[in-house]
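What the coordinates show
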Amino acid sequence: MALQQPFLSELLHSSSKRTTLPKSSLFSLQIPQRFNFYLQNKQFKKQGRSCYAIAENLGAEVLDEDQSVILENSSLDELRGQREIVGYDWTEEWYPLYLTKNVPDDAPLGLTVFDKQVVLYKDGSGELRCFEDRCPHRLAKLSEGQLYDGKLECLYHGWQFDGDGKCVKIPQLPENAKIPRSACTKTYEIQDSQGVVWIWMSHRTSPNVNKIPWFENFDRKGFRDISTIHELPYDHSILLENLMDPAHVPISHDRTDFTAKREDAGPLFFEVTERTNRGFAGWWGKEKDQGKANYTPNFLRFESPCVLQNNREIVDESGEKHYFSGLFLCRPSGQGKSMLIVRFGNTRKRTGILKFIPNWFFHQNASKVFEQDMGFLSSQNEILMKEKVPTKKLYLNLKSSDTWVAEYRKWMDKVGHGMPYHFGHSTIFLPQQPAVIEHAPAGFVANFSAAQPAKGGIGDMYAPNPANRYFRHVVHCRDCSNAVKAFETWKKALSVIALVSTAFAILVSGRQWKALLLLWTSLCLAGAYACSTAIAMNTTNFIRTHRRL
């Protein structure tokens, strides 16, 4: 998934260790089970597989598929019942919560990390605060509340909380009565780093600030980025897997922009240069570009828990080096849900017409890219939940396209035991609790309305609808929400002007005046239509249209 080719910098630092799990481990298959599965696979291959195809390459020879085409599913250690695992606790990590610039100034914001619901807001001094999203009184969502004199007020009974989570006002208490000490909220540690709000989910251990990711390119002089945020209806692991898959871009996003063309689809090369407890990194690019003079491949890095970078360095004709980055910060927001912060940036200045294209237009193109993937990624999520088996039994991973996907799922095998649930390459750990389905008005509608800077959006026509671009992106983006409001205002103003101009054209007697007024009416109507088109871009329900080949 990409708007342009994304690329990646730094290396991971922690080292891994190998541990042999007991046979009764929940996270590995029993040795007999694994060996039987291995024998069944071998027997299946001996019988012959009739559903393979020969590459469309003149003179291509049919080689053994395990050695030349398909990534190996089982290592020797797996067959012996051994598993490489590392200590991991999902709460002792920093998660990307929100873009700092898009946090509302005048309303609390309801968000989730896995199944933990939190509320983010700015207090009276403009400092960011984060609490558990429930009032200690009767469990009402604080994100449905309001900011009152810099304090967060629950709109159920008016309890107010200061920035430290302490309750400072209960309207129902008798005069001179003391507020109970237990009337406080659970607070979360947050940090603002390079324009992103990060949250530490553990209350057992102190925040480790050294774990907050630092992105070198975003700190370079002259680096500019376009940042967007999107809610998506599938698991964060599905999202990350998709973002690690450059092979799908020419097909899924054909002609979405000038970088994706279906005829460019082809084999890729991958080189894994590092595997650690916290992720992996390596180079990738088009196989046909290998060996070309001055060719620089892309560098990808995945780092725990949910950070993916793609970086590239290019030297132009004048010898100046330019840095390009695609940064993807994926937050798990519940079973079958995720929120993604996308940051594309570079040190090269915009030239030509690109200088005049507003950010909201680039955001709409980004939304279209994610919408193009949404249908099959949601169905992939459903199949994983239904089949309840590791991905190696379901995926047919190719060496020339799926190396990063396999690396990610194998990393899940090492750390998945420390997550609420996971789907690894050889292991799974299913959710212990069913997904929370929130219903209006207490949850579903409240979350959407709380997420909007203006509380309730800009009109009744935008009823909460997770299939709509407005609620997947615009309510979380200050640039786009302001653009929609501006287009609404201009549309109404131009419509009124066109109506008045038409009335004057009817009343005046001079032919030249009639022609001039009618021309003015036509221009106003054209402007109103353009505003309607821009509004529709921000509020559309995506439907894929297939191009006839």
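Residues numbered from 1 in each chain as written. Predicted model: local features only at pLDDT ≥ 70, side-chain atom pairs only at ≥ 80, totals over all residues. Heavy atoms only, no water.

The name that an unreviewed UniProt entry assigns to the chain is Rieske domain-containing protein, with the source organism given as Solanum verrucosum. What UniProt states about the chain under its Subcellular location (unreviewed entry) heading is, verbatim, "Plastid, Chloroplast". (UniProt positions renumbered as here; feature names shortened; annotations may be inferred.)

Scanning the chain for helices and strands turns up eleven helices and 19 strands. Across the 549 residues that make up the chain, the buried fraction comes to 47%. When contacts within the chain are restricted to residue pairs at least 6 apart in sequence, those whose partners lie at least 24 apart make up 65%. When the accessible surface of the chain is summed, it comes to about 28,600 Å², and 54% of that surface belongs to carbon and sulfur atoms. (Helix = DSSP H or I, 4+ residues; strand = E, 2+ residues; numbered from the N terminus. Buried < 20%, exposed > 50% of the residue type's maximum accessible area, 1.4 Å probe, protein only. Contact = heavy atoms within 4.5 Å. Areas by Shrake-Rupley, 256 points an atom, 1.4 Å probe, with all protein chains shown as cover.)

Our focus in this paragraph is the sheet that holds strand β16 (residues 321-332). The strand order β11-β17-β16-β15-β14-β13-β12 describes an open sheet built from seven strands, whose pairing is antiparallel. Two strands in the sheet have a free side with no partner beyond their single neighbour: β11 (224-232) and β12 (268-276). The sheet shows a mean angle of 15° between the axes of neighbouring strands, taken without regard to direction. Pairing analysis gives six bridges linking strand β13 (residues 279-286) to strand β14 (residues 298-303), with the strands arranged antiparallel. The partner of Trp283 across the bridge, within β14, is Phe299. Of the strands in this sheet, β11 and β17 (338-346) are in contact with helix α6 (residues 359-387), which crosses β11 at around 45°. (Pairing = 2+ DSSP bridges. Axes fitted to C-alpha atoms, helices over the stretch in contact; angles between N-to-C directions.)

The terminal C-alpha atoms of helix α10 (residues 478-507), which comprises 30 residues, lie 44 Å apart, in line with the 44 Å expected from a rise of 1.5 Å per residue. Buried within α10 we find Cys480, Ser481, Ala483, Val484, Phe487, Glu488, Leu494, Ala498, Ser501 and Ala505. Structurally, α10 contributes buried residues whose contacts are with α6 and α11 (511-539). (Expected span 1.5 Å × (residues − 1).)

According to UniProt, the "transmembrane region" (unreviewed entry) feature falls on residues 490-508 and 515-537. Within the segment residues 490-508, helix and strand shares are 95% and 0% respectively, and the terminal C-alpha atoms sit 26 Å apart. With 100% helix and 0% strand, residues 515-537 has end C-alpha atoms that lie 33 Å from one another.

Next up on the list: the environment of Asp225. Mapped onto the elements of the fold, Asp225 is located in strand β11. Spatially, the C-alpha atom of Asp225 lies 6.5 Å from that of Asn346, the residues being 121 residues apart in sequence. Side chain to side chain, Asp225 and Ser227 meet in a polar contact 2.3 Å long. (Polar contact = N/O pair within 3.5 Å; in protein donor to acceptor, adjacent residues only side chain to side chain.)

What follows covers the sheet that holds strand β10 (residues 196-200). Strand order in the open sheet formed by three strands is β1-β10-β9, and the pairing between neighbours is antiparallel. Each of the sheet's edge strands pairs with one partner strand only, and the pair in question is β1 (94-99) and β9 (189-193). The mean angle between the axes of side-by-side strands here comes to 30°, regardless of whether they run parallel or antiparallel. The pairing of β9 with β10 spans five bridges and is antiparallel.

With that settled, consider the packing of aromatic side chains. In this structure the tally under the stated criterion is 20 aromatic pairs. Residues Tyr470 and Phe471 carry aromatic rings whose centres are separated by 5.1 Å and whose planes lie at 75° to one another, so their mutual orientation is edge-to-face. An identical accessibility class is assigned to Tyr470 and Phe471; each is buried. Three or more aromatic residues joined by ring pairs form one cluster here, namely Tyr88, Phe270, Phe280, Phe302, Trp404, Tyr408 and Trp411. In this structure, Arg220 packs its charged tip against the face of Tyr323, placed 3.6 Å from the ring centre. (Phe/Tyr/Trp six-rings, centres within 6.5 Å; stacked < 30°, edge-to-face > 60°. Lys NZ or Arg CZ within 6 Å of the ring centre and 35° of its normal.)

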